[in-house]
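Topology and contacts: notes
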Amino acid sequence: MKQERVDLLLVEDNDSDAELTIRHLKKNNMANNLFHVKDGEEALEFIFATGKYAGQGDSTNRPKIILLDIQMPKVSGIEVLKQLKGDPRTRSIPVVILTSSKEDPDIQKCYALGVNSYIVKPVNFESFAEAIKNFGFYWLLLNQPPVDKL
Amino acid sequence: MMLYKNIPIRKKLLRIVFLINGIVLFVTCVTFFIYEFYIFRKTTSEKLSTIGKIIAANSTAALAFQNADDAKEILAALKAEPHIVAASLYDKDGKIFSKYATTARESVFPVSPGVAGFSFTNSYLDGFTPVTQDNRQLGTLYLKSDMGDMYERLRLYGTIVVLVLVISFFLAYVLVRFLQKSISTPILALAQTAKVISDQKVYSVRAVKMGNDELGTLTEAFNHMLDQIEEQNRNLVEFNQNLEQKVMERTEQLESVNKELEGFSYSVSHDLRAPLRAVIGFTSMLEEDYTSKLDDEAMRITSVIKKNTIKMGHLIDDLLAFSRMGRQDGTKTAIDMTEMLNEVITSLSPVEGNGAISWDIQPLPRANGNANMIRQVWVNLVSNAIKYSRKRKAPHIEIGSFDKDNKHVFFVRDNGVGFDQLYQDKLFKVFQRLHSAEEFEGTGVGLALVEKIISKQGGDVWAEAEKDKGACFYFSLPI
């Protein structure tokens, strides 16, 4: 159940990674309207207002930005990306992949599906912090989000 | 005119038969001729001798009674034999008593009688027969005959011979034409079959055996050879198919192994990094959020934790690069080594540049190899040279090449810290280092990667060094 609007949807199954990401965002005051789901299935249910999120929002929930991991149980990030970009209602929502994988096939697939950006999670703490900061500044402050129909 | 050996068999047979025919006929006819000649002469001679005896016997009265008219009459009877051209009677004194001649020439008659007997002179047969009565010689008879008879006969024979020759050659020709088929037809058939088979490469055709003679044997042998060719062809095809099958199977195996490895390194890159990130992240969080609660020792401990975890990250990266290099197919192209080297140095310099390094780069030949892999080799060797000579006051790196044993040999020489030549076989093994991590950072995978790449491209790597003087690394590539 949510009350406020969600600006940033974080889709991440790994608790440690999620904690680090949220910590870095909080540090830069960008975690205010953040919602975290732990797998692809829940992400889709949230966005399309189905399953356990049925009835909230009218037909969709549209965050300003979705931070999406690839390796997740049940429904993978790539599946989620495909559905998001395939549906006219959600196609324009900016999606940024945030993943450990630097492998070519993954990068190719995501861009082919229309991902807006692809960031590799650095192992190093400081580098991670810097990456999240840059991400936040760009996508939450600098970038002009698509026009909200609501 | 064609060489005899190149004439078709049919014509050869014809010529042989004609030749034999001709020779046999010739020998036969000549023999016959000669025989006839001598027989004829003998017969003529005997005949003349007999005529002589008869005339002589009839002339005794004429000679005894010196009756010239009677003698003339008797001689005139010789008219019956047209070939007798002259006859004369001599009395017992050897004087001509009577003459007979078909021509008017006087010199035809010998002056006086000679010895009894007949002989051939020039083209006449002449001779003497004694005229005797009761053992008393009354005179001599001279007879001369021309050879017209014989010549006629011989002419006749000659004509017959020529006719016989013509007819027999004609017959021979016809018969040869007909009979040589029994020899040449099977040969031609076999030759034709062989030509067809070898032109069209159809080995299922067989020659027809036409008899049990040598040609039959040849045909059988020929067919047998064809059987063998067909069988060998079948075997080859089967073998090839087997081989193809094996190659396919082997390729499938290799492909599946490769896929496994790809999956493996994918997992590694993903799943190993996440916990690493967590360890580093949470240790940092500890440092950041609990600074006041941690003393110097605690901070040292957390820093050790982080340092080791970071190193593990590098190890993973290097190992992944190592395994990825092994899986690449390494397509070769011609590489401008000088250009590649300059790019590599430019890309490395900003990172490593501390003291000013003096470079001595000699012109390098073009090489054949996989561009990505060779670039990695240069990166590793040059960054090593930079790293290990960094502590020198005047770091100097020399790069050049020479040719040896049909290969291009490239070297990178530095005046850095060098290594003990004693341990040089460890140099190119994975994770082996000859220096401590405090002195020089590194995972010990760089040189192993170089070795793997170069040996894959068909070359060698080796090194020479002296502790504290410097090191020189060589790698060779086939020309």
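A short tour of the structure in this document, coming up. Keep in mind it's a predicted model, so treat the numbers as computed, not measured. (Residues numbered from 1 in each chain as written. Chains lettered and ligands numbered in written order. Predicted model: local features only at pLDDT ≥ 70, side-chain atom pairs only at ≥ 80, totals over all residues.)

Side note on the overall build of chain B
The number of helices and strands found in chain B is nine helices and 12 strands. Expressed as a percentage of the 479 residues in chain B, the buried residues total 21%. Taking contacts inside chain B between residues at least 6 apart in sequence as the whole, the part at least 24 apart equals 63%. (Helix = DSSP H or I, 4+ residues; strand = E, 2+ residues; numbered from the N terminus. Buried ≥ 20, exposed ≤ 12 C-beta atoms within 10 Å, placed from the backbone. Contact = placed C-beta atoms within 7 Å.)

Some details on the sheet that holds strand β5 (residues 117-120) of chain A
Residue and element names in this part refer to chain A. Read from one edge of the open sheet, five strands run β2-β1-β3-β4-β5, paired in parallel fashion. Two strands bound the open sheet, and with one partner strand each, they are β2 (34-37) and β5. Strand-to-strand twist in this sheet, taken as the mean axis angle between neighbours without regard to direction, amounts to 20°. Relative to β2, strand β1 (residues 8-11) runs parallel, the two being bridged by four bridges. Note that in β2 the partner of Leu 9 across the bridge is Phe 35. Here helix α2 (residues 40-47) sits on the sheet in contact with β1 and β2, set at roughly 155° to β1. (Pairing = 2+ DSSP bridges. Axes fitted to C-alpha atoms, helices over the stretch in contact; angles between N-to-C directions.)

Regarding the environment of Ser 123 of chain B
All names here are of chain B. Examined against the element boundaries, Ser 123 turns out to sit in the loop between β3 (117-121) and β4 (124-133). For the pair Ser 123 and Asp 146, spaced 23 residues apart in sequence, the C-alpha to C-alpha distance is 6.5 Å. The residues touching Ser 123, leaving out its near neighbours within four places in the chain, are Asp 146 and Met 147.

Thoughts on the environment of Asp 468 of chain B
All names here are of chain B. In this structure, Asp 468 sits in the loop between β11 (461-466) and β12 (470-478). Residues Asp 468 and Asp 420 lie 48 residues apart in sequence; the distance between their C-alpha atoms is 9.0 Å. Contact partners of Asp 468, with chain neighbours within four places excluded, come to Val 417 and Gly 418.

Structural notes on the interface of chain B and chain A
Contacts between the two partners involve 15 residues from chain B and, on the opposite side, 15 residues from chain A. Elements with a minimum of two residues in the side of chain B that touches chain A: α5 (214-289) and α6 (296-327) of chain B. Tallying contributions element by element places α5 of chain B first for the side of chain B that touches chain A, with 13 residues. For the side of chain B that touches chain A, the residue count by class is eight nonpolar, five polar and two charged. (Nonpolar A, V, L, I, M, F, W, Y, C, P; charged D, E, K, R; others polar.)

Keep in mind these numbers describe shape, not what the thing actually does.
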